[in-house]
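Chain and residue survey
The residues making up each chain are set out below.
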Amino acid sequence: MRFIFKTRYEQDIRIAKHGGYVFWYGVLMLVMLAAPWIFPEYWLAQLTFVLIYAIVGLGLMLLSGFTGQFSLGHAAFLGVGAYTQAALTGAGVPFPLALVAAAGISAFVGVIVGLPALRLKGIYLGIATLAFGFIVEEVFARWESVTGGNAGKHVKSPEMFGWTLDSGESFFYLCLVIAVLATLAILNLLRSPTGRAFVAIRDSEISAQSMGIHLARFKTLSFAISAALAGVGGALYAHKLKFISPDQFGVLQSIDLILMIVIGGLGSVHGAFLGAIFLITMPQAIALAKDYLPEAIALAPGLQGVVYGSVLIAFVLFEPLGLYGRWLKFRTWFQIFPFYRRGMFKRQKSFQKSERLK
(Lines give C-alpha, C1' and ligand atoms only; values in the text may rest on other atoms or scores of the structure.)
Protein backbone atom coordinates (compact mmCIF):
# COMPACT_ATOMS: atom_id res chain seq x y z
CA MET A 1 0.00 0.00 0.00
CA ARG A 2 1.51 3.31 -1.09
CA PHE A 3 0.43 6.83 -0.33
CA ILE A 4 1.75 9.06 -3.13
CA PHE A 5 1.86 12.82 -3.36
CA LYS A 6 2.85 14.46 -6.64
CA THR A 7 4.92 17.61 -6.46
CA ARG A 8 5.30 20.02 -9.34
CA TYR A 9 8.51 18.16 -10.21
CA GLU A 10 6.46 14.97 -10.69
CA GLN A 11 8.32 13.15 -7.94
CA ASP A 12 6.73 10.27 -6.04
CA ILE A 13 6.56 11.11 -2.35
CA ARG A 14 5.78 8.17 -0.10
CA ILE A 15 4.03 8.71 3.19
CA ALA A 16 4.83 5.11 4.19
CA LYS A 17 8.49 4.38 3.46
CA HIS A 18 8.06 0.59 3.46
CA GLY A 19 5.62 -2.16 4.37
CA GLY A 20 6.64 -2.16 8.03
CA TYR A 21 5.31 1.37 8.41
CA VAL A 22 1.97 0.36 6.93
CA PHE A 23 1.72 -2.69 9.21
CA TRP A 24 2.56 -1.00 12.50
CA TYR A 25 0.55 2.13 11.83
CA GLY A 26 -2.31 -0.09 10.77
CA VAL A 27 -2.07 -1.93 14.11
CA LEU A 28 -1.99 1.41 15.91
CA MET A 29 -5.08 2.57 14.04
CA LEU A 30 -6.93 -0.62 14.94
CA VAL A 31 -6.07 -0.07 18.61
CA MET A 32 -7.29 3.52 18.40
CA LEU A 33 -10.54 2.43 16.76
CA ALA A 34 -11.08 -0.12 19.52
CA ALA A 35 -10.09 2.32 22.29
CA PRO A 36 -13.68 2.99 23.50
CA TRP A 37 -14.00 -0.73 24.27
CA ILE A 38 -10.47 -1.11 25.67
CA PHE A 39 -10.11 1.92 27.97
CA PRO A 40 -12.46 3.11 30.71
CA GLU A 41 -14.21 6.45 30.32
CA TYR A 42 -11.59 8.46 32.19
CA TRP A 43 -8.65 7.22 30.15
CA LEU A 44 -10.62 7.61 26.93
CA ALA A 45 -11.09 11.28 27.86
CA GLN A 46 -7.35 11.61 28.47
CA LEU A 47 -6.66 9.99 25.09
CA THR A 48 -9.00 12.52 23.49
CA PHE A 49 -6.99 15.34 25.05
CA VAL A 50 -3.82 13.74 23.68
CA LEU A 51 -5.28 13.92 20.17
CA ILE A 52 -6.36 17.54 20.65
CA TYR A 53 -2.96 18.63 21.92
CA ALA A 54 -1.26 16.63 19.16
CA ILE A 55 -3.17 18.66 16.54
CA VAL A 56 -1.96 21.88 18.17
CA GLY A 57 1.52 20.38 18.51
CA LEU A 58 1.65 19.59 14.79
CA GLY A 59 1.12 23.27 14.01
CA LEU A 60 3.66 24.47 16.56
CA MET A 61 6.12 21.80 15.37
CA LEU A 62 5.77 23.13 11.82
CA LEU A 63 6.47 26.66 13.04
CA SER A 64 9.28 26.00 15.53
CA GLY A 65 10.63 22.57 14.62
CA PHE A 66 10.64 22.87 10.83
CA THR A 67 10.69 26.63 10.16
CA GLY A 68 12.75 27.71 13.15
CA GLN A 69 10.36 30.42 14.37
CA PHE A 70 10.03 30.80 18.13
CA SER A 71 6.57 31.42 19.61
CA LEU A 72 5.75 32.01 23.27
CA GLY A 73 2.17 33.09 22.67
CA HIS A 74 0.75 30.13 20.80
CA ALA A 75 -2.03 29.64 23.34
CA ALA A 76 -3.56 32.83 21.93
CA PHE A 77 -4.32 31.02 18.65
CA LEU A 78 -5.77 28.16 20.67
CA GLY A 79 -8.06 30.67 22.39
CA VAL A 80 -9.07 32.36 19.13
CA GLY A 81 -10.20 29.01 17.73
CA ALA A 82 -12.01 28.08 20.96
CA TYR A 83 -13.94 31.34 21.26
CA THR A 84 -14.76 31.43 17.55
CA GLN A 85 -16.17 27.92 17.75
CA ALA A 86 -18.14 28.73 20.91
CA ALA A 87 -19.62 31.91 19.43
CA LEU A 88 -20.59 30.37 16.09
CA THR A 89 -22.04 27.12 17.41
CA GLY A 90 -23.93 29.13 20.03
CA ALA A 91 -25.43 31.16 17.17
CA GLY A 92 -26.63 27.98 15.43
CA VAL A 93 -23.85 27.57 12.85
CA PRO A 94 -23.24 23.89 11.98
CA PHE A 95 -20.14 22.34 13.49
CA PRO A 96 -18.17 21.79 10.23
CA LEU A 97 -18.66 25.41 9.12
CA ALA A 98 -17.77 26.72 12.57
CA LEU A 99 -14.63 24.56 12.60
CA VAL A 100 -13.53 25.92 9.21
CA ALA A 101 -14.22 29.46 10.42
CA ALA A 102 -12.21 28.84 13.61
CA ALA A 103 -9.24 27.64 11.53
CA GLY A 104 -9.60 30.53 9.06
CA ILE A 105 -9.84 33.28 11.68
CA SER A 106 -6.93 31.80 13.61
CA ALA A 107 -4.87 31.69 10.40
CA PHE A 108 -5.76 35.34 9.72
CA VAL A 109 -4.61 36.30 13.21
CA GLY A 110 -1.45 34.26 12.59
CA VAL A 111 -0.74 36.34 9.48
CA ILE A 112 -1.27 39.53 11.49
CA VAL A 113 1.30 38.30 14.02
CA GLY A 114 3.67 36.92 11.40
CA LEU A 115 4.00 40.09 9.33
CA PRO A 116 5.39 42.39 12.05
CA ALA A 117 7.61 39.59 13.36
CA LEU A 118 9.41 39.04 10.04
CA ARG A 119 12.44 41.08 11.11
CA LEU A 120 12.71 39.41 14.52
CA LYS A 121 14.64 36.27 15.39
CA GLY A 122 15.26 34.06 18.37
CA ILE A 123 14.42 35.42 21.77
CA TYR A 124 13.21 38.71 20.29
CA LEU A 125 10.57 36.88 18.29
CA GLY A 126 9.63 34.98 21.45
CA ILE A 127 9.17 38.24 23.37
CA ALA A 128 7.01 39.67 20.56
CA THR A 129 4.76 36.61 20.49
CA LEU A 130 4.61 36.61 24.29
CA ALA A 131 3.37 40.21 24.20
CA PHE A 132 0.78 39.18 21.61
CA GLY A 133 -0.41 36.42 23.94
CA PHE A 134 -0.91 38.91 26.77
CA ILE A 135 -2.86 41.23 24.47
CA VAL A 136 -5.18 38.47 23.25
CA GLU A 137 -5.77 37.20 26.78
CA GLU A 138 -6.78 40.71 27.82
CA VAL A 139 -9.14 40.95 24.82
CA PHE A 140 -10.78 37.69 25.89
CA ALA A 141 -11.29 39.08 29.39
CA ARG A 142 -12.69 42.46 28.27
CA TRP A 143 -14.86 41.54 25.25
CA GLU A 144 -17.67 40.25 27.44
CA SER A 145 -20.40 40.41 24.79
CA VAL A 146 -18.63 37.68 22.78
CA THR A 147 -16.37 35.82 25.22
CA GLY A 148 -18.31 36.20 28.45
CA GLY A 149 -15.28 37.85 30.07
CA ASN A 150 -13.73 36.35 33.17
CA ALA A 151 -17.03 34.60 33.95
CA GLY A 152 -16.33 32.27 31.03
CA LYS A 153 -18.52 30.88 28.29
CA HIS A 154 -20.38 27.58 27.96
CA VAL A 155 -19.99 25.58 24.76
CA LYS A 156 -22.58 23.24 23.26
CA SER A 157 -21.84 19.70 22.13
CA PRO A 158 -20.98 19.55 18.42
CA GLU A 159 -23.86 18.82 16.05
CA MET A 160 -23.17 17.43 12.60
CA PHE A 161 -25.56 16.14 9.93
CA GLY A 162 -28.38 15.90 12.46
CA TRP A 163 -26.28 14.02 15.03
CA THR A 164 -25.26 15.41 18.39
CA LEU A 165 -21.82 14.18 19.46
CA ASP A 166 -22.49 14.36 23.18
CA SER A 167 -20.87 11.06 24.18
CA GLY A 168 -17.20 10.56 24.92
CA GLU A 169 -16.91 7.81 22.31
CA SER A 170 -18.36 9.81 19.42
CA PHE A 171 -16.25 12.87 20.22
CA PHE A 172 -13.13 10.68 20.48
CA TYR A 173 -13.72 9.37 16.96
CA LEU A 174 -14.22 12.94 15.71
CA CYS A 175 -10.88 14.00 17.21
CA LEU A 176 -9.20 10.87 15.83
CA VAL A 177 -10.37 11.60 12.27
CA ILE A 178 -9.23 15.22 12.45
CA ALA A 179 -5.86 14.24 13.97
CA VAL A 180 -5.23 11.69 11.19
CA LEU A 181 -6.16 14.21 8.48
CA ALA A 182 -3.95 16.88 10.07
CA THR A 183 -1.02 14.45 10.28
CA LEU A 184 -1.35 13.40 6.63
CA ALA A 185 -1.62 17.05 5.60
CA ILE A 186 1.56 17.99 7.50
CA LEU A 187 3.47 15.00 6.12
CA ASN A 188 2.49 15.89 2.57
CA LEU A 189 3.33 19.55 3.16
CA LEU A 190 6.79 18.72 4.47
CA ARG A 191 7.50 16.62 1.37
CA SER A 192 6.43 19.42 -0.96
CA PRO A 193 8.61 22.33 -2.16
CA THR A 194 6.88 24.52 0.45
CA GLY A 195 7.90 22.19 3.27
CA ARG A 196 11.46 22.02 1.98
CA ALA A 197 11.51 25.82 1.91
CA PHE A 198 10.46 25.85 5.57
CA VAL A 199 13.34 23.54 6.49
CA ALA A 200 15.79 25.60 4.44
CA ILE A 201 14.75 28.74 6.33
CA ARG A 202 15.27 26.93 9.62
CA ASP A 203 18.76 25.76 8.67
CA SER A 204 20.01 29.05 7.24
CA GLU A 205 18.02 32.09 6.18
CA ILE A 206 20.91 33.45 4.11
CA SER A 207 21.30 30.18 2.19
CA ALA A 208 17.55 29.91 1.69
CA GLN A 209 17.33 33.45 0.35
CA SER A 210 20.26 32.81 -1.99
CA MET A 211 18.29 29.88 -3.48
CA GLY A 212 15.38 32.17 -4.29
CA ILE A 213 13.14 31.43 -1.30
CA HIS A 214 10.97 34.41 -0.37
CA LEU A 215 11.54 34.61 3.38
CA ALA A 216 8.61 36.89 4.21
CA ARG A 217 6.13 34.80 2.24
CA PHE A 218 7.12 31.45 3.70
CA LYS A 219 7.51 32.70 7.27
CA THR A 220 4.04 34.24 7.13
CA LEU A 221 2.63 31.07 5.58
CA SER A 222 4.18 29.00 8.37
CA PHE A 223 2.59 31.25 11.00
CA ALA A 224 -0.79 30.99 9.23
CA ILE A 225 -0.77 27.18 8.95
CA SER A 226 0.44 26.78 12.52
CA ALA A 227 -2.25 29.14 13.81
CA ALA A 228 -4.93 27.37 11.76
CA LEU A 229 -4.09 24.00 13.35
CA ALA A 230 -4.03 25.64 16.77
CA GLY A 231 -7.48 27.07 16.00
CA VAL A 232 -8.79 23.61 15.10
CA GLY A 233 -7.34 22.22 18.33
CA GLY A 234 -8.88 25.10 20.27
CA ALA A 235 -12.30 24.41 18.78
CA LEU A 236 -12.11 20.75 19.81
CA TYR A 237 -10.73 21.77 23.21
CA ALA A 238 -13.74 24.02 23.80
CA HIS A 239 -16.21 21.28 22.89
CA LYS A 240 -14.44 18.76 25.10
CA LEU A 241 -14.39 20.98 28.20
CA LYS A 242 -17.79 22.57 27.40
CA PHE A 243 -16.60 25.67 29.26
CA ILE A 244 -13.81 28.13 28.44
CA SER A 245 -12.39 31.18 30.19
CA PRO A 246 -9.48 33.56 29.43
CA ASP A 247 -7.14 32.07 32.03
CA GLN A 248 -7.09 28.78 30.08
CA PHE A 249 -5.19 30.48 27.23
CA GLY A 250 -2.52 32.38 29.12
CA VAL A 251 1.25 32.24 29.12
CA LEU A 252 1.34 29.02 31.18
CA GLN A 253 -0.57 27.24 28.44
CA SER A 254 1.90 28.59 25.85
CA ILE A 255 4.82 27.31 27.93
CA ASP A 256 3.16 23.91 28.16
CA LEU A 257 2.90 23.81 24.37
CA ILE A 258 6.59 24.69 23.97
CA LEU A 259 7.44 22.06 26.58
CA MET A 260 5.38 19.54 24.62
CA ILE A 261 7.26 19.85 21.34
CA VAL A 262 10.72 20.14 22.94
CA ILE A 263 10.30 17.02 25.07
CA GLY A 264 8.51 15.19 22.26
CA GLY A 265 11.34 15.96 19.83
CA LEU A 266 11.80 19.12 17.78
CA GLY A 267 11.73 18.59 14.03
CA SER A 268 9.67 15.38 14.01
CA VAL A 269 5.98 14.73 13.45
CA HIS A 270 6.13 11.87 15.94
CA GLY A 271 7.39 14.32 18.53
CA ALA A 272 4.07 16.19 18.52
CA PHE A 273 2.23 13.04 19.59
CA LEU A 274 4.87 11.88 22.08
CA GLY A 275 4.93 15.36 23.60
CA ALA A 276 1.14 15.39 23.88
CA ILE A 277 1.24 12.04 25.68
CA PHE A 278 3.85 13.45 28.08
CA LEU A 279 1.82 16.62 28.69
CA ILE A 280 -1.35 14.67 29.55
CA THR A 281 0.18 11.81 31.55
CA MET A 282 2.75 13.73 33.58
CA PRO A 283 0.19 15.39 35.94
CA GLN A 284 -1.29 11.95 36.58
CA ALA A 285 2.16 10.54 37.37
CA ILE A 286 2.92 13.43 39.72
CA ALA A 287 -0.40 12.90 41.52
CA LEU A 288 0.41 9.21 42.01
CA ALA A 289 3.95 9.99 43.18
CA LYS A 290 2.67 12.36 45.89
CA ASP A 291 1.52 9.36 47.92
CA TYR A 292 5.14 8.23 48.27
CA LEU A 293 6.76 11.63 48.87
CA PRO A 294 7.26 13.41 52.22
CA GLU A 295 4.29 15.56 53.14
CA ALA A 296 6.26 18.81 52.93
CA ILE A 297 7.19 18.06 49.33
CA ALA A 298 3.88 16.51 48.26
CA LEU A 299 1.87 19.52 49.43
CA ALA A 300 4.22 22.12 47.94
CA PRO A 301 2.24 24.33 45.52
CA GLY A 302 5.00 24.51 42.88
CA LEU A 303 5.78 20.80 42.70
CA GLN A 304 4.48 20.34 39.14
CA GLY A 305 6.44 23.34 37.87
CA VAL A 306 9.64 22.05 39.48
CA VAL A 307 9.16 18.61 37.92
CA TYR A 308 8.42 20.07 34.48
CA GLY A 309 11.45 22.35 34.65
CA SER A 310 13.72 19.54 35.79
CA VAL A 311 12.53 17.24 33.00
CA LEU A 312 13.02 19.97 30.41
CA ILE A 313 16.57 20.71 31.61
CA ALA A 314 17.39 17.00 31.59
CA PHE A 315 16.20 16.61 28.01
CA VAL A 316 18.04 19.71 26.80
CA LEU A 317 21.28 18.49 28.38
CA PHE A 318 21.15 14.76 27.75
CA GLU A 319 18.61 14.14 24.97
CA PRO A 320 18.12 17.23 22.75
CA LEU A 321 16.13 15.19 20.21
CA GLY A 322 13.47 14.46 22.83
CA LEU A 323 11.47 11.30 23.32
CA TYR A 324 11.49 10.55 19.60
CA GLY A 325 15.28 10.78 19.52
CA ARG A 326 15.49 8.36 22.42
CA TRP A 327 13.14 5.97 20.61
CA LEU A 328 15.34 6.12 17.48
CA LYS A 329 18.35 5.12 19.58
CA PHE A 330 16.49 2.19 21.14
CA ARG A 331 15.32 1.06 17.71
CA THR A 332 18.82 1.29 16.26
CA TRP A 333 20.23 -0.62 19.24
CA PHE A 334 17.84 -3.53 18.58
CA GLN A 335 18.56 -3.44 14.85
CA ILE A 336 22.33 -3.75 15.25
CA PHE A 337 22.34 -6.06 18.31
CA PRO A 338 24.66 -7.79 19.21
CA PHE A 339 27.11 -5.51 17.41
CA TYR A 340 26.40 -2.56 19.68
CA ARG A 341 29.49 -0.83 21.02
CA ARG A 342 29.61 1.28 24.14
CA GLY A 343 29.54 4.99 23.41
CA MET A 344 28.10 4.55 19.93
CA PHE A 345 25.22 6.92 20.70
CA LYS A 346 27.25 9.39 22.72
CA ARG A 347 26.04 12.89 22.06
CA GLN A 348 28.34 14.81 19.73
CA LYS A 349 29.31 18.35 20.65
CA SER A 350 27.83 21.04 18.47
CA PHE A 351 28.61 24.71 18.31
CA GLN A 352 25.93 27.33 17.78
CA LYS A 353 26.26 29.53 14.74
CA SER A 354 26.78 33.21 15.27
CA GLU A 355 23.87 35.56 14.71
CA ARG A 356 25.66 36.93 11.66
CA LEU A 357 25.67 33.57 9.90
CA LYS A 358 22.12 32.54 10.72
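Residues numbered from 1 in each chain as written. Predicted model: local features only at pLDDT ≥ 70, side-chain atom pairs only at ≥ 80, totals over all residues. Heavy atoms only, no water.

**Remarks on the overall build of the chain**
In terms of helices and strands, the chain carries 16 helices and six strands. Per-residue burial over the chain gives 45% buried out of 358 residues. Of the accessible surface of the chain, which amounts to about 19500 Å², a share of 67% is contributed by carbon and sulfur atoms. (Helix = DSSP H or I, 4+ residues; strand = E, 2+ residues; numbered from the N terminus. Buried < 20%, exposed > 50% of the residue type's maximum accessible area, 1.4 Å probe, protein only. Areas by Shrake-Rupley, 256 points an atom, 1.4 Å probe, with all protein chains shown as cover.)

**Structural notes on the nonpolar core**
Within the largest apolar cluster, 93 residues are counted, with the highest numbers of intra-cluster contacts made by Tyr53, Phe172, Leu174, Leu236, Ile244 and Phe249. What Ile244 contacts, discounting residues up to four positions off in sequence, is Ala82, Tyr83, Ala86, Gly152, Lys153, Val155, Ala238 and Phe249. (Core = buried A, V, L, I, M, F, W, Y, C linked by side-chain atoms within 4.5 Å. Contact = heavy atoms within 4.5 Å.)

**A word on the packing of helix 3 (residues 41–66) against helix 9 (residues 193–203)**
Where helix 3 contacts helix 9, the two axes come as close as 8 Å, and the packing angle between them is 45 degrees. As summarised for this structure, helix 3 and helix 9 are arranged oblique, according to the angle between their axes. Of helix 9, the residues touching helix 3 (which contributes Leu62, Gly65 and Phe66) are Phe198, Val199 and Arg202. The residue makeup of the contact of helix 3 with helix 9, split by class, is four nonpolar, one polar and one charged. (Axes fitted to C-alpha atoms, helices over the stretch in contact; angles between N-to-C directions. Parallel < 35°, antiparallel > 145°, perpendicular 65-115°, else oblique. Nonpolar A, V, L, I, M, F, W, Y, C, P; charged D, E, K, R; others polar.)

**A short note on the pattern of salt bridges**
Applying the stated criterion to the full structure yields four salt bridges. Glu138 serves as the salt-bridge partner of Arg142, at 2.7 Å between the closest nitrogen and oxygen. Separated by four residues within a single helix, Arg142 and Glu138 lie in helix 6 (residues 122–142), roughly one turn from each other. The partly exposed category is assigned to Glu138, whose relative accessible area is 40%. Its salt-bridge partner being Glu205, residue Lys219 comes within 2.9 Å of it at the nearest N-O pair. Residue Lys219 is found in helix 11 (residues 215–241), and its partner Glu205 is found in helix 10 (residues 205–210); the two are separated by 14 residues along the sequence. Residue Lys219 is classed as buried on the basis of its relative accessible area, which comes to 3%. (Salt bridge = Lys/Arg side-chain N within 4 Å of Asp/Glu carboxyl O.)

**Some points on a nonpolar patch on the surface**
Together, Phe23, Trp24, Val27, Val31, Trp37, Ile38, Phe39, Tyr42 and Trp43 make up a nonpolar patch on the protein surface, roughly 1000 Å² of accessible area in all. Those elements that place two or more of their residues in the nonpolar patch are helix 1 (19–33), helix 2 (35–38) and helix 3. Among the elements that take part in the nonpolar patch, helix 1 stands out by supplying four residues, more than any other. Secondary-structure assignment places Trp43 in helix 3. With a relative accessible area of 41%, Trp43 lands in the partly exposed category. (Patch = residues over 30% accessible without salt bridge, like charges linked within 9 Å, V, L, I, M, F, W, Y side chains within 5 Å.)

**Examining the confidence of the model for the chain**
Per-residue confidence for the chain gives a mean pLDDT of 82, with 88% of residues at or over 70. Considering only residues more than four positions removed or in separate chains, one finds that residues 1–13, a stretch of pLDDT under 50, has 24 contacts. Note on residues 348–358: pLDDT is under 50 here. Beyond four places in sequence and across chains, it has 10 contacts. (pLDDT = per-residue confidence, 0-100.)

**Some thoughts on unusual backbone geometry**
The phi dihedral of Lys242 falls on the positive side, at around 65 degrees, and the residue is not glycine. Its place among the elements puts Lys242 in the loop between helix 11 and strand 6 (243–244). Take Lys242: its relative accessible area is 34%, and that puts it in the partly exposed class.

**Comments concerning the packing of aromatic side chains**
In this structure the tally under the stated criterion is 11 aromatic pairs. Ring centres 5.3 Å apart and planes at 80 degrees place the aromatic pair Tyr42 and Trp43 in the edge-to-face group. Note on Tyr83 and Phe140: the rings are 4.6 Å apart at their centroids and 40 degrees apart in plane angle, and the pair reads as tilted. With Tyr83 in helix 4 (residues 75–90) and Phe140 in helix 6, this residue pair connects regions lying 57 residues apart in the sequence. Phe140 shares its class with Tyr83; the two are buried. (Phe/Tyr/Trp six-rings, centres within 6.5 Å; stacked < 30°, edge-to-face > 60°.)

**So, helix 5 (residues 95–114)**
With 20 residues, helix 5 should cover 28 Å at 1.5 Å per step; its first-to-last C-alpha distance of 28 Å lies within 8% of that length. By the burial criterion, the buried members of helix 5 are Phe95, Ala98, Leu99, Ala102, Ala103, Ser106, Ala107, Val109, Gly110, Val113 and Gly114. The secondary structure elements touched by the buried residues of helix 5 are helix 4, helix 6, strand 4 (159–160), helix 8 (168–190) and helix 11. (Expected span 1.5 Å × (residues − 1).)

**Things to note about helix 9**
All of the buried residues along helix 9 are Gly195, Ala197, Phe198, Ala200 and Ile201. Buried-residue contacts for helix 9 involve helix 3, helix 8, helix 10 and helix 11.

**Focus on the side chain of Ser204**
Mapped onto the secondary structure, Ser204 falls in the loop between helix 9 and helix 10. Given a relative accessible area of 11%, Ser204 falls into the buried group. There is a polar contact of 3.1 Å between the side chain of Ser204 and the side chain of Ser207. (Polar contact = N/O pair within 3.5 Å; in protein donor to acceptor, adjacent residues only side chain to side chain.)

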